[in-house]
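Structural features, examined
Residue-level listing of the chains:
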Amino acid sequence: MLRVGLTGGIGAGKSTVANRLAEHGAVLVDSDRIAREVVEPGTEGLARLVEEFGPGILAADGSLDRPALAAKAFADDESRRRLNAIVHPLVGARTGELMAAARPDAVIVHDIPLLVENGLATAYHLVVVVDAPVEVRVRRLVSARGMAEDDARARIRAQASTEQRRAVADVWLDNGGAEDVVLAEVDALWADRLVPFEANVRLRRPRPPRSPEIAEYDLTWPAQAERVLARVRAAAGELGVRADHIGSTAVPGLPAKDILDLQLTVSTLDDADTLKELLGDAGFPRLDGDWLDDAQDGGGTWPKRLHVGADPRRAVNLHVRSLETPAWRLALLFRDFLRANAAERDDYRDVKLRLAAAHAADGTVEAYAYEKQEWVNGVFARAEKWAAATGWTP
């Protein structure tokens, strides 16, 4: 199943997006609703809160008096930790139950306000952030929720910043204007990205082949790569030695195919094989076949594993290389050599543009990659001399 984390600041209109996705068929898991459910009368959660904070947190009808609880639980950091130690595990367990009950082909949308604050982005295949200008949010909180303006602004300031949310956002929805505008964006997100993304993950379906197309360098490529790498690291766990952004999209100023080349380094290829299904579940299915790097030590090849991204709107090649060969090191050396040598970078640009034009009608990148590799192999000797002269290490 596909896990989508939906978040946004207070007053941004996250529920508008959540409800629209539910109308399309998404399974909506609402963290705020679950947090209320686990402390309803008769629940273990309410009983434990009373035991911890006293019967004064109960209303006359036996339900939770939230302002009374807040007065005690938010009095200091230790009280807040005691509250979280009770409520968070219960919310997590109930969330897990709801997700486990969903169909294998479900698109689960987890509406979670504190996704950024709690560092949870890697738990999802995709993070969608709903945003609106601060003044719009304040106006909504004052008019729709009856908040005092100062209280609304304080609540907004206490949450994650716009920059922090952008750092984890795979999709950014501006909900500051007319509702039909954001709803149209949600409709397109569902049809063009979420539905095929889910199928690609479930079926371990790679992206279709296409001819090489070279794009101008995109300043957002490094940030996009870091979001994807965070998911790779989380999926690999202790088997991952390191994970890096490599290839042309990692070299500032270098035109490239709009495909993020990433490298996961593991100790052995057995570890790479152990990770096959874990990476597939995380949204990186393995490509069938034998994948090899040209050995640079006198002939032959070095084996690797190749996974690709299942997100139809963010192409990824994930090269899984082991410490058993030097290929992982050379990938990093090649990147850093091009970063440090503008003439080599520009030469590479010219090679890429020439070969992409020559193979524009191929419908695949195989011939393009094969011919380009000859130039790449020739760079390694110069890169090694540069590494020795500068003391470069990976």
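Looking up the protein in an unreviewed UniProt entry gives the name Dephospho-CoA kinase, with the organism given as Amycolatopsis melonis. Recorded under Function (unreviewed entry), the UniProt text for the protein is reproduced unchanged: "Catalyzes the phosphorylation of the 3'-hydroxyl group of dephosphocoenzyme A to form coenzyme A." A UniProt comment under Pathway (unreviewed entry) is attached to the protein, and it reads "Cofactor biosynthesis; coenzyme A biosynthesis; CoA from (R)-pantothenate: step 5/5."

1. A few points about helix H13 (residues 327–340)
With 14 residues, H13 extends 20 Å from end C-alpha to end C-alpha; this agrees with the ideal 20 Å at 1.5 Å per step. Most of H13 is tucked away, with 11 of its 14 residues classed as buried. Taken together, the buried positions of H13 are occupied by Ala327, Trp328, Leu330, Ala331, Leu332, Leu333, Phe334, Arg335, Asp336, Phe337 and Leu338.

2. Quick look at the environment of isoleucine 34
Looking at where isoleucine 34 falls in the secondary structure, it is placed in helix H2 (residues 31–37). When its relative accessible area of 2% is taken as the criterion, isoleucine 34 is described as buried. Sequence separation between isoleucine 34 and arginine 94 is 60 residues, and the spatial gap between their C-alpha atoms is 7.2 Å.

3. A short note on the sheet that holds strand S2 (residues 27–30)
With parallel pairing, five strands are arranged side by side in an open sheet as S2-S3-S1-S4-S5. Both outer strands of the open sheet, S2 and strand S5 (171–174), are each paired with one neighbouring strand and no more. Strand-to-strand twist of the sheet, defined as the mean angle between neighbouring strand axes without regard to direction, takes the value 20°. Inspection of the sheet shows strand S1 (residues 2–8) paired to strand S4 (residues 126–131) by five bridges, in the parallel sense. Across the sheet, the residue bridging to glycine 5 is valine 127, located in S4. In this fold helix H9 (residues 179–203) packs onto S1, strand S3 (107–111), S4 and S5, with an angle of close to 165° to the strand it touches most, S5.

4. Looking at the domain arrangement of the protein
The parts lose accessible area when they come together, and the size of an interface is often stated as this lost area. Each assigned domain of the protein is listed here: domain 1 (2–202) and domain 2 (214–390). On the domain 2 side, the residues contacting the 18 residues of domain 1 number 13 residues. Counting the surface lost from both domain 1 and domain 2, the interface buries some 1100 Å², and carbon and sulfur atoms represent 49% of this. Area buried by domain 1 at its contact with domain 2 is led by Thr122, His125 and Arg193, which between them contribute 37% of it. On the surface where domain 1 and domain 2 come into contact, there are three salt bridges. Note that arginine 227 and aspartate 170 form a salt bridge whose closest N and O atoms lie 3.5 Å from each other. Applying the counting criterion to the domain 1 and domain 2 interface returns seven residue pairs in polar contact (both at pLDDT 80 or more). Looking at the side of domain 1 that touches domain 2, the elements that each hand over two or more residues are S4, helix H8 (162–168) and H9.

Thresholds, definitions, all that
Residues numbered from 1 in each chain as written. Predicted model: local features only at pLDDT ≥ 70, side-chain atom pairs only at ≥ 80, totals over all residues. Heavy atoms only, no water. UniProt positions renumbered as here; feature names shortened; annotations may be inferred. Helix = DSSP H or I, 4+ residues; strand = E, 2+ residues; numbered from the N terminus. Expected span 1.5 Å × (residues − 1). Buried < 20%, exposed > 50% of the residue type's maximum accessible area, 1.4 Å probe, protein only. Pairing = 2+ DSSP bridges. Axes fitted to C-alpha atoms, helices over the stretch in contact; angles between N-to-C directions. Contact = heavy atoms within 4.5 Å. Domains from an automatic or database assignment. Buried area = accessible area lost by both parts, 1.4 Å probe. Salt bridge = Lys/Arg side-chain N within 4 Å of Asp/Glu carboxyl O. Polar contact = N/O pair within 3.5 Å; in protein donor to acceptor, adjacent residues only side chain to side chain.

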